[in-house]
Amino acid sequence: MKLDRLVFLDLETTGTNPVSDRITEIGLVEVDADGTATHWSSLVNPEVPIPAFIQGLTGISNAMVKDAPTFAELAPALHERLQGALFIAHNARFDYGFLRNAFSEAGLPYKSDVLCTVKLSRALFPTERKHNLDSLIERHGLKANARHRALADADLLWQLWQKLNAGLPADIFNGALQSLLQRPSLPSHLPTDALDHIPDTPGVYLFYGENDMPLYVGKSVRLRQRVLSHFNSDHKLYKDMRLSQQLYRIEVRETAGEIGALLLEAQLVKDLQPVHNRLLRRQGDLCAWRLKDDARGHTLPVLAHASEDDFGRAERLYGLFSTKRKAETALRELAESHQLCLVQLGLEGRVGSNKPCFNWQLKRCKGVCIGKEDESFHRARLEAALANLHVKVWPWPGAVGLVEGEGDRTDIHVVNNWCYLGTARSEDALWSLLEQSPSRPAFDLDTYKILSRALSRKDLKIRPLGPQ
Ligand SMILES: [Zn+2]
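Residues numbered from 1 in each chain as written. Predicted model: local features only at pLDDT ≥ 70, side-chain atom pairs only at ≥ 80, totals over all residues. Heavy atoms only, no water.

*Asks:* Please give an account of the sheet that holds strand E13 (residues 409–416) that cites residues and values.
*Replies:* Taken together, four strands build an open sheet; the order of strands is E14-E13-E12-E15 and the sheet is antiparallel. The open sheet has two edge strands, strand E14 (419–424) and strand E15 (461–464), and neither has a second partner. On average, adjacent strands in this sheet sit at an angle of 25 degrees to one another, irrespective of strand direction. Here four bridges tie strand E12 (residues 400–406) to E15, and the two strands are oriented antiparallel to one another. Along E15, the bridge assignment pairs Val400 with Pro464. Set on the sheet, helix H11 (residues 258–272) makes contact with E12, E13 and E14; between it and E12 the angle comes to about 120 degrees. (Pairing = 2+ DSSP bridges. Helix = DSSP H or I, 4+ residues; strand = E, 2+ residues; numbered from the N terminus. Axes fitted to C-alpha atoms, helices over the stretch in contact; angles between N-to-C directions. Contact = heavy atoms within 4.5 Å.)

*Asks:* Describe helix H7 (residues 150–167), naming the residues involved and giving the relevant values.
*Replies:* Compared with an ideal rise of 1.5 Å per residue, which puts 18 residues at 26 Å, H7 spans 26 Å between its outermost C-alpha atoms and is within 8% of the ideal. Inspection of H7 places Ala150, Ala152, Asp153, Ala154, Asp155, Leu156, Leu157, Trp158, Gln159, Leu160, Trp161 and Leu164 among the buried residues, and these make up the whole buried set. (Expected span 1.5 Å × (residues − 1). Buried < 20%, exposed > 50% of the residue type's maximum accessible area, 1.4 Å probe, protein only.)

*Asks:* Can you explain the coordination of the zinc ion? Please cite residues and give values.
*Replies:* Ideal coordination angles are 109.5 degrees for a metal with four donors arranged tetrahedrally and 90 or 180 degrees for a metal with six donors arranged octahedrally. Here the zinc ion is held by Cys341 (SG), Cys357 (SG), Cys365 (SG) and Cys369 (SG), and the distances to it run 2.3 to 2.4 Å. Around the zinc ion sit four donor atoms, and with donor-metal-donor angles ranging over 102 to 113 degrees the site reads as tetrahedral. (Donors = N, O, S within 2.8 Å, 3.2 Å for Na, K, Ca; no water. Tetrahedral: all angles 85-135°; square planar, octahedral: opposite > 155°, others 65-115°.)

*Asks:* Let's hear about the packing of helix H5 (residues 117–124) against helix H8 (residues 170–181): which residues, and what values?
*Replies:* At a minimum axis distance of 10 Å, the contact between H5 and H8 shows a crossing angle of 130 degrees. In terms of their interaxial angle, H5 and H8 are classed as oblique. H8 is crossed by H5, and the crossing has right-handed handedness. For the pair formed by H5 and H8, the contact residues are Lys119, Leu120, Ala123 and Leu124 on the first element and Ile172, Phe173, Ala176, Leu177 and Leu180 on the second. (Parallel < 35°, antiparallel > 145°, perpendicular 65-115°, else oblique. Left-handed = near helix turned anticlockwise from the far one by under 90°.)

In short, geometric facts, not functional conclusions.
Written out as structure tokens, the structure reads:
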């Protein structure tokens with residue numbers, strides 16, 4: 001990648017608040033395209049007293065800055081110097097924020113591409129835990145002249161840059177730079193720091209629009225990456241563009257793992273009904289075919305509804321379908337492909353009328369309707385045809401906890417009859433969840449799918465919680 005001019009910069013200040021605190025010293029190392037480095041620094045009169053402990057930390061006293069230029073006096077020349085250069089600092093958000101604020105007070109708006117050396121170090125050495133300046137000095141053998149003075153600290157960053165550039169393969173170093181500098185352009189209504197605190201853990205993210213209207217709920221095992229992918233410039237999905245334009249606020253909820261994220265997502269989509277979650281939004285009239293034996297001992301599929309029957313406990317249940325129409329279409333298709341009788345299935349005419357069904361005339365029925373096929377044969381073929389749609393019976397006498405994660409980050413997802421009752425992180429929360437749960441929570445198709453998939457995982461820890 002092409003980097004024309006770099007400015008490694010460090011500020012000393014009277015405190016940590018970029019609005020109420022002031023700059024006391026600026027130090028920078030300016031590096032041209034040919035590698036020529038120019039050092040520059042100046043004390044700055046903050047026009048307010050420096051707190052004693054800050055004087056102790058930096059060694060910059062009130063007396064030292066008394067006759068120094070103010071920021072307003074330094075601003076025009078400094079502004080010109082920084083123009084068009086890549087701004088590089090350690091915890092760059094701090095220095096960049098301070099500087100932008102000071103420039104704006106001086107009537108000189110300032111904006112720049114920014115590279116944070118903390119993030120650079122983290123990207124290049126992801127297994128190291130510490131990335132503060134002292135750790136970097138030790139790790140890379142940098143030479144510190146006067147720690148906590150602006151020019152000395154700026155020079156450390158320049159040294160770090162040279163060590164990394166020389167010591168790492170070019171594609172690794174440049175790759176890290178590229179990914180850090182290609183910041184996705186943030187949606188215009190989002191605060192600039194909106195993405196800073198999104199962890200790269202499993203969890204659920206919520207996008208809100210104006211007046212906190214829920215726009216979208218999504219889940220990922222890597223939250224940060226997933227949220228950023230919505231705003232990538234090469235991600236030109238119309239839906240994402242519309243989302244970006246409407247987005248005002250992002251909320252994230254961490255979970256211990258993927259199952260928790262899936263369950264929470266399904267629940268939030270149902271509760272909040274975000275405008276962009278069309279696919280999951282409506283459950284409709286959840287139904288399934290249930291095989292029943294009539295008075296003559298014939299086996300018939302009868303449509304059962306989740307609103308009336310307990311799908312978690314029902315046997316001989318096949319589905320699931322979001323509407324009655326879909327259920328009938330599916331059964332009709334099975335009848336066609338398995339040469340089942342439409343009359344016997346209740347999809348045509350009346351059972352027991354002894355009139356041949358339409359399919360018999362087309363030679364697509366084996367004749368159970370007119371006694372040419374034994375009913376038990378037809379039943380066996382019907383059960384075989386439906387086998388793939390079999391709804392599993394809840395395999396426990398009561399609720400169980402699905403244990404996900406470990407240590408501090410352990411989630412216990414409480415489920416019963418294929419229904420998700422909630423997630424607990426402690427024993428107390430667990431028992432109060434069980435106490436509060438309704439005697440028959442609503443059966444939900446998304447949750448059923450998530451749970452039946454999760455339960456087939458061999459590594460899943462399951463804790464029986466007894467019949468409730
Ligand atoms: Zn028939």
